[in-house]
Every structure is written in C-alpha cells, then in structure tokens.
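# Reading the structure
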Amino acid sequence: GRTAKPLRGSPAAAASVMQLKGSEIMHGGCACGAVRYEYHGNPVVSYKCHCSDCQTYSSSGYVALFWAWSQSFAFSCGTPTWRVYPGSSKSEVARGFCSVCGTPVATRLGVLPLVMGVPALSLDSPSVFVPEYETWTSSVRSWDALDPSITHFEGNFTGDFIEQRLLGAGNA
C-alpha cells in the first residue's frame, strides 16, 4: 500500500508558522512547574501520531508533538523520570514525565538519537504548534477526525522521509 497520501494544503506553509524569529526560544514544561525545558531552534518536523503506543501513552486518540534537535534541547529546571518501552517499530522508546504531576514532557526514540520528541501541549505557548503531518492514520479511532489540509501517512514516516528531514533541515 501507499505510505503517504498527500492531501490539500502545503506542509511548507504549515511549517513556516512554527518558525521562530531570530534567537527566540521555545519554553515549556509540566503542569506543576517541577520540570521545565527550553529549546533553541525551529522544529525538525511537527505532527500528530495516531499509533497505538501514542494512544495508550496519551489516553487519547493521538499525541501532538514536534521533533527538536537533541543538542539544542535542555531541561532548565528539574529532571523528568524516564521509562523505557518497546516501540511498535521494534525500537526502544523512552518517555519522560514529571514524577510529581505525571505530565509527559519528552520522548527519546532509540533509532533517532539526534532528535527529542516534545509534546505540543507541554509548550508554554502551544498555539505556535502547527502540525504538518499525521502518522499512523490506519490506527485512527472512529470518533477521531483527520485534518484534511495536511499530509497523512498510513503508518510511520518512511526512512527516506526521515533522512531527508534530518539532513534537509540542517542540524541546528
């Protein structure tokens, strides 16, 4: 089957919405403030993941997240508690959350050490998040609606897509 199904809208236009000006920094953290982070740079990719792992982890239909360059992402207050899980892609996934309030704050993918997954709603200003893609649309729940204006992947991003995004975005 097809891996990606392009639909209306421009991923490039969506991505431009999340571009930061000059030396601005993205800040975020957990609900209680015990864990805080900052990210210097623009997102590598922003998307909504509908895989069964993300559905279970979020107790929702999907996780809205973006990839941040690991070298430009830092915890500025507190340290999350990390739990490692087997991912559906047969790679380990480490999920970081606040041990006080339980808020998810970061995800490390074993196969992608250059990037850190950051939940969009952990941002201090989550309105800057604009998803470019939706992944694992084959797992979307009947009560959840896909955004017809962005590109959908029936499964995960392809290796070619990931390589192009990581190399094309430049390791800021």
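Refer to the preceding data block for the structure.
Anyway, here's the lowdown on the structure attached to this text.

A tally of regular secondary structure across the protein chain gives three helices and 12 strands. Out of the 172 residues in the protein chain, the part that is buried amounts to 42%. Within the protein chain, counting contacts between residues at least 6 apart in sequence, those at least 24 apart form 62% of the total. As presented, the protein chain carries roughly 8700 Å² of accessible surface, and 54% of it is formed by carbon and sulfur atoms.

Bringing the nonpolar core into the picture now. Counting 31 residues, the largest nonpolar core has Y47, F66, W67 and F157 as the members making the most contacts within it. By residue number, the principal contributor to this core is strand β5 (residues 63–69), which donates seven residues. Discounting residues that sit within four places of it in the chain, F157 has contacts with V45, Y47, W67, Y133, T135 and I162.

Tallying each qualifying case throughout the model produces two salt bridges. Between R36 and D124 there is a salt bridge whose closest N-O contact spans 2.6 Å. With R36 in strand β3 (residues 36–39) and D124 in the loop between β10 (115–119) and β11 (133–135), this residue pair connects regions lying 88 residues apart in the sequence. Between K48 and E134 there is a salt bridge; the shortest N-O distance is 3.8 Å. Within this pair, whereas K48 is found in strand β4 (residues 45–49), its partner E134 is found in strand β11, the two being separated by 86 residues in sequence. On the accessibility criterion, K48 (11% relative accessible area) is buried. Note on E134: relative accessible area 0%, which makes it buried.

Right, let's get into unusual backbone geometry. Phi is positive for S59, which is not a glycine, with a value near 55 degrees. By secondary structure assignment, the location of S59 is in the loop between α2 (52–58) and β5. What makes S59 exposed here is its relative accessible area of 70%. Residue W136 is not a glycine yet carries a positive backbone phi of 55 degrees. Tracing the sequence through the fold places W136 in the loop between β11 and β12 (151–153). The class for W136 is partly exposed, based on a relative accessible area of 24%.

Attention now goes to the side chain of R95. With respect to the helices, strands and loops of the structure, R95 is situated in strand β8 (residues 92–97). Notably, R95 is buried but unbridged: the nearest opposite-charge side chain belongs to D53, and the N-O separation is 5.3 Å. If sequence neighbours within four positions are ignored, R95 has contacts with D53, C54, Y57, T81, W82, R83, Y85, A106 and T107.

Rules behind the numbers
Residues numbered from 1 in each chain as written. Predicted model: local features only at pLDDT ≥ 70, side-chain atom pairs only at ≥ 80, totals over all residues. Heavy atoms only, no water. Helix = DSSP H or I, 4+ residues; strand = E, 2+ residues; numbered from the N terminus. Buried < 20%, exposed > 50% of the residue type's maximum accessible area, 1.4 Å probe, protein only. Contact = heavy atoms within 4.5 Å. Areas by Shrake-Rupley, 256 points an atom, 1.4 Å probe, with all protein chains shown as cover. Core = buried A, V, L, I, M, F, W, Y, C linked by side-chain atoms within 4.5 Å. Salt bridge = Lys/Arg side-chain N within 4 Å of Asp/Glu carboxyl O. Lys, Arg positive; Asp, Glu negative; His and termini not counted.

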